[in-house]
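A structural walkthrough
Each chain, letter by letter, is given below.
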Amino acid sequence: MQTALQLIVTALQIGSIYILFSLGLTLIFGVMKIVNFAHGQFFTLSALLVAALVPWFAAHGYGVTLAYLFAAGIGVVTSVLLGMLIYQFGFRFFQRDLAGSFILSTGLVLLLEGAFLHYFGGAVRTVPPLVSGNVNIFGVNLTSQRLLLGLVAIMATGAMYWVLSATRFGKAMRAVSIDHEAAMLQGIPYKRLAFQGFAVATFLGAVAGALLAPISVITPVLGSDYLVKGFIAVIIGGLGSVPGAIIGSLFIAMIESIGGFYFDPSVANLAIFVLVMVVLLVKPNGLLGSR
Amino acid sequence: MFKKRRIYKLCASAALVACAGAMPATAQEIIKLGLSIPLSGAAANWGKGSEWLCNEAAREIAQEGGIKVKGKVYNYSCVAYDNKYNAAEGTRVAQALLNRDGIKFIGGSLGTAPVKALQSLSEREGVLHMTTAWGSSIKGPKFPLTFTIMNTPNEITVPLIGYIKEVNPGIRTVALLNPNDASGQETEVVARKAWAAVGVNVLSSDWYDRGTTEFQPIASKIAATKADVVDLGGTPPSDSGLVFKELQAIGWKGVKVVEVGTGAEGVIAAGGNAADGVYMGAAVVFEGAQVTDKQRKLNEGGKAAIGESLNAVQLGFYDSVKALKAAMELAQSVEPKAVAAALPNVKFNSFYGPSGFGGKDTYGSVQQILVPVIVTQIKSGKLTEVRRIESAEMKARK
C-alpha cells in the first residue's frame, strides 16, 4: 500500500510539470492548427535564465527565495517576449500550415539550441534549494521543495483551466479551436486571438521551466527531452484538447513511475511509445480529440 | 595590352611555383588530426573540451619546435566534426573526415556508438584512430589501427572496487544502474564480474535512456532492494547527482559509486550534499599538493573555455596528440601504419606523467594507454584523491 501511494505521489509530481508543458502545445494546436516543436526552447530559456540569475541575485545580497522569484519573473517574461517576436516574424505566416510550421519550428529548435549553448555554455546548471528537508505524508517520502513546486504547478494548471472554461478570452479561444471561420463570423478577432494564444502557450511553457529549475539540472537541451513527453501526452489526450493534455500527461507520468519501479526507466519509455501506437490505432484522434 | 598582362601573370605564377619547389626541406607542414566528437546536445561540453585540449597540445608542440621526421618539421591542426553522440552522425562524420578531408590520423573520437561507425571506415582505409570510447569490442588484433587513450572500465573497475571493499569490508550487496547504450552495457558486464570477485552480490541491474529527466521511480526501486552499495557505472555526472539526491530523499543510506564517473562538479551540482561520499574512478583532481603547475594551468585554461573543470575523457585528447608526436618521431614516418607500429613502443609524457601503451593480456594486442587509476571521493563537497594505482605494466617498464 505504501509503495503504491509513493508511486502515485511520484506520478503526480512528475505529471504536474508535464501538464503545464503539454497545455501550451495543445493550446497552440487548438488555435493555430500547428505543432510548435520549438515549444521546448521557451521552456529551456526560462529554466536557463533562472539557473543563471538566482546565483547572481544571491551574490547581490538577495535571499534565495527572493532571488528565485525575481529570476523566475525575468525568465518567464523574456521567454514570452521571445515567443511573441517569433510569432510576429515567423508563425504568423504559417497558421494552419502543418508542413510549413514543422519546417520553421524544427529550424528554430536548431537555432535556439545553438544560441543557448553559445551564450549559456554546455555545463550543467543548478538552482540552490528554496526549501530544505523532506516531508512524510502517510509513509510517503518526498522533498519539501518538490511538494511546494508540485502544488504551484497544480494551482497554475487549475487557474489555466478556469481561464479557458470561464472567461470571455477562454471561451473565444475554444470557439476558434472548434471552428475558426464560424468564430470570426461571430465577431471574434481571430488574428489577435492567435497571437494571444501563442503568448499564453509560451507563458505556460516558461512557467513550467521556471518551476522545474530548482529540482533538476538545467542544460541547453533540456526542452528537447520534455518536448517528446509533452508531444506524446497531447497525442494520447487528443491534439487541441485541454482535458486531453491533462489526462495524457498523467498517463505518461503513471507509466514512468510504475514502469520505472517494477521494470526500469528504459522499459517505461518503451511502454510509453507502445501506448501511443495503441491509442493511434484504436482512437486516431486521441482519447478526447475531436475530428 | 591584355595579352601582355596575361603573359606576365603566367610567368610570375610559374616563377612562384618554381620557387616553392626549391624551398628548403625544413619548411613546416601541417598534419590534420580529425576529431569525431559531440559538439551539440547534452554531451557538447565534453566535445568542446576535447577540441580545446587537442588544440592546446598542438600549440604546445608547435612552441617546442614541432614534430621532426626525416629533416622535415610538421605541426598539427585539429579538425573537429559534431557526431552528436550517435551512430548515424558518427557515420556522416567518418565520411567527411576520411573521404572528403582525406585525413590520415584521428586525433580523438568520443562515444562508443559513433566511434564504431568511424572505426569501420578507418581500419579499412588505413587511418590511425585514437579514441576515448570505453568499449572493449573496439579493440583486439582485428583492429590494429585503433588505440584507446584513456582508462576504460577494464582498467578502472577491478582496482576501484577492490579499494572500496577494502575500506568498506561490511558491504555484501550492490544495485547497478547504467545508461542503456553501448558504453553502459559494456561497463555493466565488467562491473558485475568485479563485484562478484570481491564477494559482493549483485541484487539488481537496471537501465535508463540518456535524456531521462526524472529519476524518482528508479530511485524508489533501487532503495527497495536495500542494497549496501549503489553503483551507477557509466552514468554521466549530472544524472548520477540526481539519482543520489532522490535516493537520499527516500532515506537510502549506503556506499555510493560512479565507477567511470568523470566529473565531480556535475555530481555535486546536481546532487548537493547527497553527493558526499561518492567514489569515482575516472575523475581528475586539480587541487592539492600532488597537482603540478602545468596541470593546474591546463585546467584553468579549459575552465575558461568551457565553464567547468576538465575531465579524464577530454584529457585523453591531449594525451593522444602527445602520443602521436612521440610515435611519429620514433617511426620517423608520417604514414599511419608505420606510426601505429611504433605506438606500442613509445614512451611519452602524458597529462598524468610518463606513459606508454599496453594491454596485450586483456585485449590481445597493445592498444591501451597506460595511465594510473585515480580513486577519488567527494568529501564535504570537494573531490579528493584517496588512492593512485599505477598501471602494473607501466611499473614493470620502469
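Residues numbered from 1 in each chain as written. Chains lettered and ligands numbered in written order. Predicted model: local features only at pLDDT ≥ 70, side-chain atom pairs only at ≥ 80, totals over all residues.

1. Thoughts on the overall build of chain A
When helices and strands are counted, chain A shows eleven helices and two strands. Reading the secondary structure of chain A in the N-to-C direction produces α-α-α-α-β-β-α-α-α-α-α-α-α. Computed over its C-alpha atoms, the radius of gyration of chain A comes to 19 Å, within 12% of the 19 Å expected for a compact globule of 291 residues. Dimensions of chain A, computed from C-alpha atoms along their principal axes, come out at roughly 55 × 45 × 35 Å. Looking at chain A as a whole, 52% of its 291 residues are labelled buried. Here the analysis covers contacts within chain A between residues at least 6 apart in sequence; of these, 75% occur between residues at least 24 apart. (Helix = DSSP H or I, 4+ residues; strand = E, 2+ residues; numbered from the N terminus. Rg over C-alpha atoms; globule rule 2.2 N^0.38 Å. Buried ≥ 20, exposed ≤ 12 C-beta atoms within 10 Å, placed from the backbone. Contact = placed C-beta atoms within 7 Å.)

2. Quick notes on the overall build of chain B
When its secondary structure is counted, chain B shows 14 helices and 16 strands. Rg of the C-alpha trace for chain B: 23 Å, near the compact-globule value of 21 Å for 398 residues, within the 12% margin. In terms of overall dimensions, chain B has a C-alpha envelope of 90 × 50 × 40 Å along the principal axes. Expressed as a percentage of its 398 residues, the buried residues of chain B come to 55%. Here the analysis covers contacts within chain B between residues at least 6 apart in sequence; of these, 67% occur between residues at least 24 apart.

3. Here's the deal with the domain arrangement of chain B
Residues and elements named next belong to chain B. Domains assigned within chain B are domain 1 (28-151 + 290-371 + 392-397) and domain 2 (154-280). If you average the C-alpha positions of domain 1 and of domain 2, the two centres end up 29 Å apart. Of the residues lining the interface, 15 residues belong to domain 1; the matching set on domain 2 comes to 15 residues. Residues that form the side of domain 1 that touches domain 2 fall into these classes: five nonpolar, nine polar and one charged. (Domains from an automatic or database assignment. Nonpolar A, V, L, I, M, F, W, Y, C, P; charged D, E, K, R; others polar.)

4. Considerations on the nonpolar core
Counting 208 residues, the largest nonpolar core has Ala47 and Val50 of chain A as its most contacted members. With 15 residues, helix H1 (residues 2-32) of chain A is the largest single contributor of residues to this core. Residue-level mapping places this core at the junction of two domains, with at least three residues from each of domain 1 (28-151 + 290-371 + 392-397) and domain 2 (154-280) of chain B. With near-sequence residues (within four places) excluded, valine 50 of chain A lies in contact with Tyr68, Ala71, Ala72, Gly75, Val127, Ala210 and Ala213 of chain A. (Core = buried A, V, L, I, M, F, W, Y, C linked by C-beta atoms within 7 Å.)

5. What to know about helix H3 (residues 64-89) of chain A
Along its 26 residues, H3 of chain A runs 37 Å from first to last C-alpha, staying within 8% of the 38 Å computed at 1.5 Å per residue. For H3 of chain A, the set of buried residues is Ala67, Tyr68, Ala71, Ala72, Gly75, Val76, Ser79, Val80, Gly83, Ile86 and Tyr87 of chain A. (Expected span 1.5 Å × (residues − 1).)

6. Section: the sheet that holds strand S7 (residues 173-179) of chain B
Residues and elements named next belong to chain B. What the seven strands build is an open sheet, ordered S8-S7-S9-S10-S11-S15-S16; its pairing is mixed. Looking at strand neighbours, the two that pair on one side only are strand S8 (201-208) and strand S16 (382-389), the edges of this open sheet. Lying on the sheet, helix H7 (residues 216-225) is in contact with S7, S8 and strand S9 (229-231); it crosses S8 at an angle near 175°. (Pairing = 2+ DSSP bridges. Axes fitted to C-alpha atoms, helices over the stretch in contact; angles between N-to-C directions.)

7. So, the pairing of strand S5 (residues 128-131) of chain B
Residues and elements named next belong to chain B. Burial along S5 is two-sided: Leu128 and Met130 facing one way and His129 and Thr131 facing the other are all buried. Pairing geometry for strand S4 (residues 105-109) and S5, over two bridges, is parallel. Residue pairing for S5: isoleucine 106 is matched across the bridge by histidine 129. One crossover worth recording links S4 to the parallel S5 by way of helix H4 (residues 112-122), and it is right-handed. Pairing analysis gives three bridges linking S5 to strand S6 (residues 146-148), with the strands arranged parallel. (Right-handed = clockwise from strand over helix to strand, strands pointing away.)

8. Re the environment of leucine 310 of chain B
On the secondary structure map, leucine 310 of chain B appears in the loop between helix H10 (293-306) and helix H11 (312-331). The spatial distance from the C-alpha of leucine 310 of chain B to the C-alpha of glutamate 51 of chain B is 12 Å, given a sequence separation of 259 residues.

9. Thoughts on H7 of chain B
Residue and element names in this part refer to chain B. Judged by how many residues are buried, H7 sits mostly within the fold: eight of ten residues are covered. Along H7, the residues that are buried comprise Gln216, Pro217, Ile218, Ala219, Ser220, Lys221, Ile222 and Ala223. Of the residues flanking the end of H7, it is lysine 226, one or two places downstream, whose phi is positive at about 55°.

10. Focus: unusual backbone geometry
One non-glycine residue with positive phi stands out, namely lysine 33 of chain A, at about 55°. Accessibility expressed as a C-beta count within 10 Å gives 18 for lysine 33 of chain A, which makes it partly exposed.

11. A closer look at the environment of serine 177 of chain A
Residues and elements named next belong to chain A. Mapped onto the secondary structure, serine 177 falls in helix H6 (residues 168-178). Measuring from C-alpha to C-alpha, the distance between serine 177 and phenylalanine 29 comes to 8.2 Å, with 148 residues separating the pair along the chain. In this structure serine 177 touches Gly30, Val31 and Gly240, once residues within four positions along its chain are discounted.

12. What to know about the interface of chain A and chain B
As a measure of interface size, the accessible area lost when the parts come together is often cited. With 29 residues of chain A at the contact, the number on the chain B side is 31 residues. Among the elements of the structure, H1, helix H4 (98-120), strand S2 (140-143), helix H9 (222-237), helix H10 (242-262) and helix H11 (265-282) of chain A are those that each provide at least two residues to the side of chain A that touches chain B. The greatest single-element share of the side of chain A that touches chain B, amounting to four residues, is contributed by H10 of chain A. For the side of chain A that touches chain B, a count of residues per class yields ten nonpolar, 15 polar and four charged.

13. Comments concerning the packing of H3 of chain A against helix H8 (residues 190-212) of chain A
Residue and element names in this part refer to chain A. For the pair H3 and H8, the least separation of the axes is 8 Å and the interaxial angle reads 145°. Once H3 is placed against H8, the crossing between them reads as right-handed. Seen from H3, the contacting residues are Ala72, Gly75, Val76, Ser79, Val80, Gly83, Met84 and Tyr87; seen from H8, they are Phe195, Phe198, Ala199, Thr202, Phe203, Ala206, Val207, Gly209 and Ala210. For the contact of H3 with H8, the per-class residue count stands at twelve nonpolar, five polar and no charged. (Left-handed = near helix turned anticlockwise from the far one by under 90°.)

14. Structural notes on the packing of helix H5 (residues 144-166) of chain A against H8 of chain A
Residues and elements named next belong to chain A. For the pair H5 and H8, the least separation of the axes is 10 Å and the interaxial angle reads 170°. The angle between the axes of H5 and H8 places the two elements in the roughly antiparallel class. Contact with H5, carried on its side by Leu149, Val152, Ala153, Ala156 and Met160, involves Leu204, Val207 and Leu211 of H8 and no other residues of that element. For the contact of H5 with H8, the per-class residue count stands at eight nonpolar, no polar and no charged. (Parallel < 35°, antiparallel > 145°, perpendicular 65-115°, else oblique.)

15. Things to note about the environment of leucine 20 of chain A
The topology assignment puts leucine 20 of chain A in helix H1. Sequence separation between leucine 20 of chain A and phenylalanine 43 of chain A is 23 residues, and the spatial gap between their C-alpha atoms is 10 Å.

16. Here we look at the pairing of strand S3 (residues 72-82) of chain B
All names here are of chain B. As defined by bridge partners, strand S2 (residues 67-69) adjoins S3 across three bridges and the pair is classed as antiparallel. For isoleucine 67, the partnering residue across the bridge sits in S3 and is tyrosine 74. In sequence, S2 turns back onto S3 through a hairpin of two residues, with lysine 70 there showing a positive phi of about 45°.

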